[in-house]
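Letter by letter, the chains look like this.
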Amino acid sequence: MTDIIIVGAGTAGLTAAIYALRAGKSVLLFEGLAVGGQIVNTPDVENYPGIAHMSGFEFASNLLEQAKSFGAELKYEPVKGIRAESGTWHVTTGSVDADGHEYEAKAVILATGAKNRPLGLEREQEMIGRGVSYCATCDGMFFRGKAVAVAGGGNTALEDAQFLANYCSHVYLIHRRDAFRGDEKSVELLRAKENVEFVLNSNVSAILGETKVEGVEVTDKFSGEKRVLDVSGLFIAVGQMPANEAFAGIVTLDEKGYIAAGEDCGTGTDGIFAAGDCRTKEVRQLTTAAADGAVAALAACKWLDAKG
Ligand code: NAP
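Anyway, here's the lowdown on the structure attached to this text. Everything numeric in this text was worked out from a predicted model, so none of it was measured. Numbering of residues starts from 1 in every chain and runs along the sequence as written. Whole-chain, interface and lining totals are the exception, using all residues; otherwise, since this is a predicted model, local features are given only for residues with pLDDT of at least 70 and side-chain atom pairs are given and counted only at 80 or more. To obtain the side-chain values, all non-hydrogen atoms of the structure were included, while hydrogens and water were left out.

This part is about unusual backbone geometry. In this structure, S86 is a non-glycine residue whose phi angle is positive, near 50 degrees. Secondary structure follows DSSP: runs of H or I at least 4 residues long count as helices, runs of E at least 2 residues long count as strands, and numbering of each begins at the N terminus. Tracing the backbone shows S86 in the loop between strand 4 (79–85) and strand 5 (88–94). When a residue's accessible area, from a 1.4 Å probe over protein chains only, is under 20% of the maximum for its type it is buried; when over 50% it is exposed; and in between it is partly exposed. For S86, a relative accessible area of 73% gives the class exposed. Although it is not a glycine, N201 sits at a positive phi angle of roughly 50 degrees. Mapped onto the elements of the fold, N201 is located in the loop between strand 11 (196–199) and strand 12 (202–208).

Here we come to the site of the ligand. Residues in contact with the ligand amount to 19 residues; listed here are only the nearest, N47, T156, E159, R177 and R181. Within 3.5 Å is the distance limit for a polar contact, defined as a pair of N or O atoms, with the added protein rule that one can donate a hydrogen and the other accept it, and that residues adjacent in sequence qualify only through two side-chain atoms. Contact between the ligand and N155: an oxygen atom at 2.9 Å from a side-chain N or O atom of the residue. One of the side-chain nitrogen or oxygen atoms of Q285 is found 3.3 Å away from an oxygen atom of the ligand. Here, Shrake-Rupley sampling with a 1.4 Å probe gives the accessible areas, and only protein chains in the shown set may cover a residue. For the ligand, whose unbound accessible area comes to 910 Å², protein coverage reaches 77%. Ranked by the residues each element gives to the shell around the ligand, the list is headed by helix 4 (residues 155–165), at three residues. Here the shell around the ligand is built from residues that sort into three nonpolar, 10 polar and six charged. We call a residue near a molecule or strand whenever a single non-hydrogen atom of that residue lies within 4 Å of it. Ten residue types, Ala, Val, Leu, Ile, Met, Phe, Trp, Tyr, Cys and Pro, are classed as nonpolar, four, Asp, Glu, Lys and Arg, as charged, and the remainder, Gly among them, as polar.

The salt bridge definition used is simple: a Lys or Arg side-chain nitrogen within 4 Å of an Asp or Glu carboxyl oxygen. Counted under the stated rule, the structure contains 13 salt bridges. Across the pair E73 and K75 runs a salt bridge, and its minimum N-O distance is 3.7 Å. Overall, E73 belongs to the partly exposed group, its relative accessible area being 41%. Across the pair E184 and R191 runs a salt bridge, and its minimum N-O distance is 3.5 Å. Exposure remark for E184: the relative accessible area of 48% places this residue in the partly exposed category. Several salt bridges converge on common partners, so that one network encompasses E263, R279, K281 and D292.

If you want it as structure tokens, here you go:
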């Protein structure tokens, strides 16, 4: 029996582990894929207080080591459900292909983060790994010297375009509006790059190529005019969406699928807390994920102590 099971080892989950362990609770962390969450894909973190510059990968590695130094135990098993039984929470793991295990805890912190939102194009899924990618820092090197396209207008798309422009011959940045959602400073840096071209008020309407990406078709939102961009890679960076389906019967999800939990990280379900990007919130940043981890862990500790 563990005091607190934490689902998700991103910034929120790892921070929650540090706070709960330092408060003397036993903690078991679950991660389905890779530790660190979304920040591992950010080449340069420069907006976390006290850290001027650090790669997202290094940030996540440091956080993991810090949690481990306090005794965090981590299991690489995707959590597929939670149920209440005899006053405790039973967490089941496993995947579509394989059965997992069942673990018991007094309290659970859901820190499941968010996953990449697809563009919803025909053949988008089958072209993943054949030119379609959701992670420029992971896959960008495969496109050295080639022309690529980035779809999106937020900070991730801007960062991806910046990163790819360092070694790709040409980078088309395709955005559905004429104003970017991401920081103006990043937009200015991209404007100054000779090999970056903005394709605004446009949507990617088709992925071209039989077995791999050989181009993308973009359609102008106003004129309807279509244009083919000769690229070998399409990096999709159109935001994130939650992955909370497995917990729909345990906690309330909002209309977008985020866990309905306020700033106190309480879900309204006794002993279940939600932290980070997986919950309903205005600002999803590294700082707010870390803050949530602390708040959720301390709330869970208080709840456990009151329960006795
Ligand atoms: P985001 O800020 O939500 O931006 C998503 C972008 O994709 C928006 O420009 C949106 O267009 C566009 N989009 C959404 N759905 C689309 C669709 N179906 N077709 C075409 N375009 C679509 O997502 P993000 O860039 O991944 O960033 C997520 C959060 O992380 C943000 O808060 C961001 O500031 C933060 N972040 C911070 C850093 C950093 O500070 N270093 C780095 C990366 C991310 P519209 O603008 O028209 O809605």
